[in-house]
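# Coordinate analysis (summary)
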Amino acid sequence: MSFTHLGLSDKVLAAVAATGYTTPTPIQEQAIPHVLARRDVLGIAQTGTGKTAAFVLPMLTILEKGRARARMPRTLILEPTRELAAQVKEQFDKYGVGQKLNVALLIGGVSFGDQDTKLTRGVDVLIATPGRLLDHTERGGLLLTGVELLVIDEADRMLDMGFIPDIERICKMIPFTRQTLFFTATMPPEIRRITETFLHNPEKIEVSRPATTAVGVAQFQVSVGREPHDKRDMLRRLLRDAKDLQNAIIFCNRKREVALLYKSLQKHGFSVGALHGDMDQSARTAALDQFRKGEIPLLVASDVAARGLDIPSTSHVFNFDVPHHADDYVHRIGRTGRAGRAGTAISLVTSLDQKSMVAIEKLIGQSIPQVEGLEAGPIDESATPASTETERPRQSRGRHGSREGSRGASRESPRDGAQEARKPRREREPRRAAGGRNANPQPAAPAAEFTPPSAPPPSRTPSIGRAAAPKAPQEPASEPADHSHLPAFLLRPVRVRV
Ligand code: AMP
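Every residue gets a number counted from 1 within its own chain, in the order that chain's sequence is written. Reporting of local features is limited, given that this is a predicted model, to residues whose pLDDT is at least 70; pairs of side-chain atoms are given and counted only at 80 or more, and all residues count toward the totals for whole chains, interfaces and linings. As a convention, hydrogens and water are excluded, and side-chain values are obtained from all of the structure's heavy atoms.

Once that is clear, we can look at the overall build of the chain. Every helix listed is a DSSP run of H or I at least four residues long, and every strand listed is a run of E at least two residues long, numbered separately from the N terminus. Within the chain, the regular secondary structure consists of 18 helices and 13 strands. Residue contacts are defined here by distance: any two heavy atoms, one from each residue, within 4.5 Å place the two residues in contact. Considering only contacts within the chain whose residues lie at least 6 apart along the sequence, 78% involve residues at least 24 apart. Of the roughly 20,100 Å² that the chain leaves accessible, carbon and sulfur atoms contribute 53%. Accessible surface is estimated by sampling points in the Shrake-Rupley manner with a 1.4 Å probe; for residues, cover comes only from the protein chains shown.

DSSP calls a pair of strands paired once it identifies at least 2 bridges connecting them. The strand order across the open sheet formed by 7 strands is β3-β4-β2-β5-β6-β1-β7, and the pairing between neighbours is parallel. In the strand order of this sheet, the two ends are held by β3 (103–106) and β7 (203–206), each with one partner. When strand polarity is set aside, the average angle formed by the axes of neighbouring strands in this sheet is 15 degrees. Only the stretch in contact is used when fitting a helix axis, every axis being a line fitted to C-alpha atoms; angles between N-to-C directions are given from 0 to 180 degrees.

Another aspect to go through is unusual backbone geometry. Even without glycine at this site, R71 takes up a positive phi of about 65 degrees. The residue R71 is located in the loop between α3 (51–63) and β2 (75–78) in this model. Residue R71 is classed as partly exposed on the basis of its relative accessible area, which comes to 26%. For E154, which is not glycine, the phi torsion reads 50 degrees and is therefore positive. For E154, the position within the fold is in the loop between β5 (149–152) and α7 (155–160). Exposure categories follow from relative accessible area, calculated using a 1.4 Å probe and restricted to protein chains: below 20% of the type maximum is buried, above 50% is exposed, and the middle band is partly exposed. With relative accessibility at 8%, the residue E154 sits in the buried group.

Once that is clear, we can look at the pairing of β5. Across the two faces of β5 the burial is the same, with L149 and V151 and L150 and I152 all buried. With 4 bridges joining them, β2 and β5 adopt parallel strand pairing. Within β5, the position partnered with L78 by the bridge is I152.

Near the ligand you find 14 residues, and of these Y21, Q28, G48, G50 and T52 are the closest. Identification of polar contacts relies on pairs of N or O atoms within 3.5 Å, with a donor-acceptor requirement for protein atoms, meaning one able to donate a hydrogen and the other able to accept it, and with residues adjacent in sequence counted only if both atoms are side-chain atoms. Within the side chain of Y21, one N or O atom sits 2.6 Å away from an oxygen atom of the ligand. Taking K51, its main chain carries an N or O atom lying 3.3 Å from an oxygen atom of the ligand. Relative to its unbound accessible area of 500 Å², the ligand is 80% covered by the protein chains. Lys, Arg, Asp and Glu make up the charged group, whereas Ala, Val, Leu, Ile, Met, Phe, Trp, Tyr, Cys and Pro make up the nonpolar group; the residues left over, Gly among them, are polar. Its residues assigned to classes, the shell around the ligand comprises 3 nonpolar, 8 polar and 3 charged. Residues are classed as near a molecule or strand on a simple rule: at least one heavy atom within 4 Å of it.

The next point concerns the packing of helix α2 (residues 26–36) against α3. The contact between α2 and α3 brings their axes to 9 Å, and the two run at 30 degrees. Taken together, the axes of α2 and α3 lie roughly parallel to each other. Note that α2 runs across α3; the crossing there is right-handed. Contacts between α2 and α3 involve I27, Q28, A31, I32, V35 and L36 from the first element and K51, A53, A54, L57, P58, T61 and I62 from the second. The residue makeup of the contact of α2 with α3, split by class, is 10 nonpolar, 2 polar and 1 charged. By the definition adopted for this analysis, an angle is roughly parallel if under 35 degrees, roughly antiparallel if over 145, roughly perpendicular if from 65 to 115, and oblique otherwise. Two helices crossing with the near one rotated counterclockwise from the far one by less than a right angle form a left-handed crossing, whereas a clockwise rotation gives a right-handed crossing.

This is how it looks when you write it as structure tokens:
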């Protein structure tokens, strides 16, 4: 099957051809003709299935006719996070070349004034997070009565984030006669209720991610001590010794831990970025862009980054903290092993994490093998002179560290008190549904080969497979190191504000 049989316009087909895609994915093949026939669609599909283009391509075709009116967008796409919203906009930019469509983003962290100016000019496609959208409607700067087509993307993620009441309010502001496209990875009862209320005789399309994406992920756990420096020592050791490490996302449970670990890795000479919900939008976008382009091989992230983001080829995922919710584990390790590539996921497990590990293993239906021979012990880091002493937990003096430090450890959730309260009402970090819910468990991977570091300590000069970069310029190395074998991107100093 090729794209030409789906009913897309010539302009859109040309843009698709320019990207090099020749065959529609199953969700595209099944959804696009129904969207073009103006049917409601209920798509049960995860990120990575090509679901974004499944609505972007037919929308571009539909929007070729007609014009936008001031403050009355023609179509609306709701996304749970700013990053996802920005990614959808990128797809409109990519496939919409040659069309003069106004595509606007309404997301937190960007000035209201600029967004208002765009709305006044008339918008064909409005891509928004629910909170910021409602802020605009409440200020009277936005009317949803002209919306002909509504997309609700990542609905189960919206549920997790506490956005469902907002979604219901928004749906009621849009004419009943609209077309609705609804995408979710799972169908918990609350989502089923919403689909029954807001979709009209939808075409139901269900696709699963290709089994190869998950089957290719080799999963391991490593026991570590409970002291914060135990984990950091072990992580550096793993990073230096991991086989075939090209890039990695390192997940932490808390924003504060993201900031601390980022600084620690930087101090130890790793080329690293950070991503969590309290960073301002430009810093988040910059970090993500650098990671996506391969300019920084390591990204320390909170769960904001775990779902939905399109990062095509991550070779490794590290759970610096074992997630408290088993479904978060599934989503985190889903960042690697995508599109049939091999991937490795390694979790650092303390004695306090045993309960969470049991829940994870139950969810994925497999036990995760231990990597033996990696017990915390003295590590020769003479090539990286920063002592572990300097990275013990402390009040971070960074912008976020200082705010979070006074509150103590904070899971990235709206319960984070004062700091949350300072945000615009609607853009507060979302509330996780109590007890979580089961995500689509990906089939667990067979344990692939993993070579634990051999008894001698790591080599003094890290190699490419060991993602370490040279010292930061301000920290002179204890001895000159030969970095000639390292690719340039690992040598580039990176500054990301956290
Ligand atoms: P999504 O599920 O929308 O996040 O898409 C996942 C990835 O698949 C993105 O990198 C898309 O650019 C890519 N993609 C979308 N459609 C196709 C296609 N027909 N063939 C190959 N890759 C695609």
